[in-house]
Amino acid sequence: MSKDISLKSIVDFENDRINFYIPSYQRGYRWKSRQVSQLIDDIDSFSPTESTPFYFLQALAVAKDIENNRVNVVDGQQRLTTLKLILGEESDELPIDYAREAKQDLDKYFMNMAEDVIKEKLGEIGTERRNEFCKKIKECCKFLYYEVGKDKELSTFYELNSGKIPAKDSELVKCVMLTLGNDESSDITNARAGEWDEIERKLNDNSFFSFCTPRDTWREDDRMTVLLRYAGLTPTPQEQREEVFPFLTRILDELKTKSRITIWKMIYSVFYRLLEWYNDPLMYHAFGAIVHQRNNKDIKPKTRKEILDAIENMAKYEHQEDKDVYSNWGKDLFNYLLLSNIAFCWKRWPYRYSFEMHRKVDAWSIEHIFARNQKDLDKKELAEWLGEDDSESAFDEYHTECDNGKGDDWLAKKLGRRYPTEEDNSIRNLALLPKDANSSLNNNLFEGKRKAVSEWARNSWTEYWAPPVTEAVFMKSLPGLKMTDPYWSEEDKKAYRNSMSKDIDSFIDNLKNPVKI
């Protein structure tokens, strides 16, 4: 936990003689009646217990201004000012100065509105009801106090207001969860600190993190928040829109009804379940498959039954007829090809499907294992296709046929079995490939693609990556493929389709009936 983050009450502010200052760059006080009323109701309904001894007042970000003996409020002025109004604007218990004189105008309008709500709910300053409430604020409420250097004040303000958060949400959650308090023994809190460190270390393992995290996940730069979501601690849509630290807001809200021990059990239990699945060949591939299916943003607790149902749904594409599926391919075809890669790797454990490599792919494409030419070849391209049969007369003859719209027919006669007589857009002739890698194979014959994929597989430094089944297709290492034929035959297509189907069926059968050791 950062030494710049701590829990502080108004009494702590008094004891530390903290003078707050609202700089001119702040927009001023803008809370409406509803927000003031909600804060009062929340504090009023809060009852300290052994498990939840404090009401958490969210985060208060400040920059210490030693020269002027004050702290500048970077974030949290609305709640801080509201408490000042409740305690009494002239009270010395929470000294706040404002750089702007706008209190006479728009700020004053909102402050008057807030004071009307406060009087309606609590009465005038000095009344018994108001005194009791002020006492509760001082004794039972704490801010999560986050201090930045004076040199970082403005940059922190701009980052907070642009969503680029200098303090990670999980760091503030960590402070709440690991601060010693009278709700539990120090042994329990210290043990939790050790468990938190263990979880953070594992989340920093890219292989583990990639296994359970879809690409472009909201706030994935703060990896602990991914785990919080799997624990069911996801901020509400309103919290996501309005709060600078939405996960902290969610945790603090949970703490109103649950103990820290209960919340921690939610967090570490889901972590150990994910860790168990990560180390289990079947569940590693099953859970990873549904996490990385096309356009998935679904991060929430999953049961084994839900995982099986999702896998069976991905496998439904298996029963599609062999027809033109290339021109309008969508998530169903992508998910089926992904599942075939995952089932292929599961069958060959400890060979794992690399979700880390999968996650690095900017955009996916569906590659023809062999496609008829989509444009007229130039002289160099034709030479690569013809090899020893290349000549000036062949090029002239070819382009004469192209002018008559029969270039493909000429190539089919010239290349024989190496060139299909018809375009095949069925799944038997399609494989999964990153879009940039797909583009690099343009106008290659099967053997040309095979050479390129082989080069990618041999060199770890290459910029391209072929998923395992795609690599096996071009290496012809799948069962039933004819390795000696340097082209993609009808027999190969049938063997490829059969291999995918058998791997997926076996994978699902094992999910339904796991082997008990």
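Everything below is about the structure printed above this text.
Treat the numbers as computed from the prediction; the structure is a model and nothing was measured.

**Regarding the overall build of the protein chain**
Working step 1: Counting its regular elements, the protein chain contains 24 helices and 8 strands.
Working step 2: A compact globule built from 517 residues would reach a C-alpha radius of gyration of about 24 Å, whereas the protein chain, at 32 Å, exceeds it by more than 25%.
Working step 3: Dimensions of the protein chain, computed from C-alpha atoms along their principal axes, come out at roughly 100 × 55 × 40 Å.
Working step 4: With 517 residues in all, the protein chain has 50% of them scored as buried.
Working step 5: Once local pairs closer than 6 in sequence are excluded, the contacts in the protein chain between residues at least 24 apart make up 73%.
Working step 6: Put simply, the protein chain shows about 25,200 Å² of open surface, and 45% of that area lies on carbon and sulfur atoms.

**Details of the packing of helix α2 (residues 33–45) against helix α3 (residues 77–87)**
Working step 1: Between α2 and α3, the shortest axis-to-axis distance is 11 Å and the interhelical angle comes to 70°. Put simply, α2 runs roughly perpendicular to α3. Listed contacts from α3 to Val36, Leu39, Ile40 and Ile43 of α2 are Arg79, Thr82, Leu83 and Ile86.
Working step 2: Considered class by class, the residues forming the contact of α2 with α3 number 6 nonpolar, 1 polar and 1 charged.

**What about the state of the cysteines?**
Working step 1: The final tally for this structure, using the stated rule, is 0 disulfides.
Working step 2: Here Cys175 is not cross-linked by a disulfide; its sulfur's nearest cysteine counterpart is in Cys141, at 16 Å.
Working step 3: Judged by its relative accessible area of 0%, Cys175 is buried.
Working step 4: Note on Cys345: no disulfide assigned, nearest cysteine sulfur contributed by Cys212 at a separation of 18 Å.

**Here's the deal with the nonpolar core**
Working step 1: By size, the foremost hydrophobic cluster in this structure holds 123 residues, and its most contacted members are Phe287, Ile311, Tyr496 and Phe507.
Working step 2: Sequence-distant contacts of Ile311, that is, excluding residues within four places in its chain, are made with Ala286, Ala289, Ile290, Leu339, Phe507, Ile508 and Leu511.
Working step 3: In terms of nonpolar packing, the next biggest core, distinct from the first, is built from 39 residues, Ile10, Leu80, Met111 and Cys140 among them.

**Overview of the layout of surface pockets**
Working step 1: Estimated volume of the largest pocket: approximately 1,200 Å³.
Working step 2: Lining the largest pocket we find 41 residues, and of these Trp31, Gln35, Arg79, Glu242 and Glu243 sit closest to its centre.
Working step 3: Elements with a contribution of two residues or more to the lining of the largest pocket: α2, β3 (55–65), β4 (70–75), α3, α6 (153–162), α11 (237–242) and α12 (246–254).
Working step 4: Across the lining of the largest pocket, the residue classes tally to 14 nonpolar, 13 polar and 14 charged.

**Things to note about the pattern of salt bridges**
Working step 1: Applying the stated rule across the entire model yields 36 salt bridges.
Working step 2: Note that Asp42 and Lys256 form a salt bridge whose closest N and O atoms lie 3.6 Å from each other. Here the residue Asp42 occupies a position in helix α2, and Lys256 occupies one in the loop between α12 and α13 (260–278), the gap between them amounting to 214 residues.
Working step 3: Using a relative accessible area of 23% as the deciding quantity, one classes Asp42 as partly exposed.
Working step 4: Taking the relative accessible area as the measure of exposure, Lys256 reaches 34% and is therefore partly exposed.
Working step 5: Overlapping salt bridges, with partners in common, bring together Asp42, Glu239, Arg250, Asp253, Glu254, Lys256 and Lys258 in one network.

**Let's talk about the sheet that holds strand β6 (residues 141–148)**
Working step 1: A sheet is described by the order of its strands in space; here 6 strands give the open sequence β1-β6-β3-β4-β2-β5, paired in mixed fashion. Only two strands of the sheet have a single neighbouring strand rather than two, namely β1 (5–8) and β5 (96–98). Across the sheet, the mean angle separating the axes of adjacent strands is 40° when strand polarity is ignored.
Working step 2: The sheet contact formed by strand β2 (residues 20–22) and β4 spans 2 bridges and is parallel. Bridged to Tyr21 within β4 is Asn72.
Working step 3: Its contacts with the sheet put α2 on β3 and β6, and the angle it makes with β3 is roughly 120°.

**Comments concerning the pairing of strand β8 (residues 430–434)**
Working step 1: A large share of β8 lies buried, amounting to 5 of its 5 residues.
Working step 2: Alternating positions in β8 separate into two faces, Leu430, Leu432 and Pro434 on one and Ala431 and Leu433 on the other, with burial throughout.
Working step 3: Taken together, the 5 bridges between strand β7 (residues 364–368) and β8 define a ladder with antiparallel strand orientation. Paired with Ser365 across the strands is Leu433, a residue of β8.

**A closer look at the environment of His358**
Working step 1: Tracing the sequence through the fold places His358 in helix α17 (residues 355–360).
Working step 2: Accessibility expressed as a relative area gives 5% for His358, which makes it buried.
Working step 3: Each C-alpha atom, one on His358 and one on Ser91, is 59 Å from the other, the two residues being 267 residues apart in sequence.
Working step 4: The residues contacting His358, other than those within four sequence positions of it, are His292, Phe334, Leu338, Tyr353, Trp364 and Trp465.

**Describing the packing of helix α14 (residues 281–291) against helix α15 (residues 304–315)**
Working step 1: At a minimum axis distance of 9 Å, the contact between α14 and α15 shows a crossing angle of 65°. For the crossing formed where α14 meets α15, the hand is left-handed. Contacts between α14 and α15 involve Leu282, Met283, Ala286, Phe287, Ala289 and Ile290 on the former and, on the latter, Arg304, Ile307, Ala310, Ile311 and Met314.
Working step 2: Of the residues in the contact of α14 with α15, the class split is 10 nonpolar, no polar and 1 charged.

Cut-off values and rules
- Along every chain, residues carry numbers that run from 1 in the direction the sequence is written.
- Local features are withheld for residues below a pLDDT of 70 in this predicted model, meaning they are given only at 70 or higher, and side-chain atom pairs are given and counted only at 80 or more; totals for whole chains, interfaces and linings count all residues.
- No hydrogens and no water enter the side-chain calculation; it runs on all heavy atoms of the structure.
- Helix numbers and strand numbers start at the N terminus; a helix is a DSSP run of H or I with at least 4 residues, a strand a run of E with at least 2.
- Computation of the radius of gyration draws on C-alpha atoms alone. For the globule rule, the value is 2.2 Å times the number of residues to the power 0.38.
- In this scheme, a residue with accessible area under 20% of its type's maximum is buried, one over 50% is exposed, and one in between is partly exposed, where area comes from a 1.4 Å probe on protein chains only.
- Note on contacts: a residue pair is in contact if any heavy atoms of the two residues lie within 4.5 Å.
- To measure how exposed things are, a 1.4 Å probe is used in the Shrake-Rupley method; for residues, cover is taken only from the protein chains shown.
- Note on geometry: axes are lines fitted to C-alpha atoms, helical ones only across the stretch in contact, with angles between N-to-C directions running from 0 to 180 degrees.
- Put simply, angles under 35 degrees are roughly parallel, angles over 145 are roughly antiparallel, angles from 65 to 115 are roughly perpendicular, and the rest are oblique.
- Side-chain classes are defined by residue name, with Ala, Val, Leu, Ile, Met, Phe, Trp, Tyr, Cys and Pro counting as nonpolar, Asp, Glu, Lys and Arg as charged, and the others, Gly among them, as polar.
- The criterion for a disulfide is a pair of cysteine sulfur atoms lying within 2.5 Å.
- Nonpolar core, defined: a set of buried Ala, Val, Leu, Ile, Met, Phe, Trp, Tyr and Cys residues in which side-chain atoms within 4.5 Å join the residues together.
- Every definition here rests on a 1 Å grid over the protein atoms only: cavities are sets of points where a 1.4 Å probe fits but cannot get out, pockets are open sets enclosed by protein on both sides within 12 Å along at least five of seven lines, and lining residues have some atom within 4 Å of a point.
- Grid points are joined across faces, edges and corners, and a volume is the space filled by probe spheres set on the points.
- A pair is scored as a salt bridge if a Lys or Arg side-chain nitrogen falls within 4 Å of a carboxyl oxygen belonging to Asp or Glu.
- Here, a strand pair is defined by DSSP locating no fewer than two bridges between the strands.
- Working rule for handedness: look at the near helix, and if it is turned counterclockwise from the far one by less than a right angle, call the crossing left-handed; if clockwise, right-handed.

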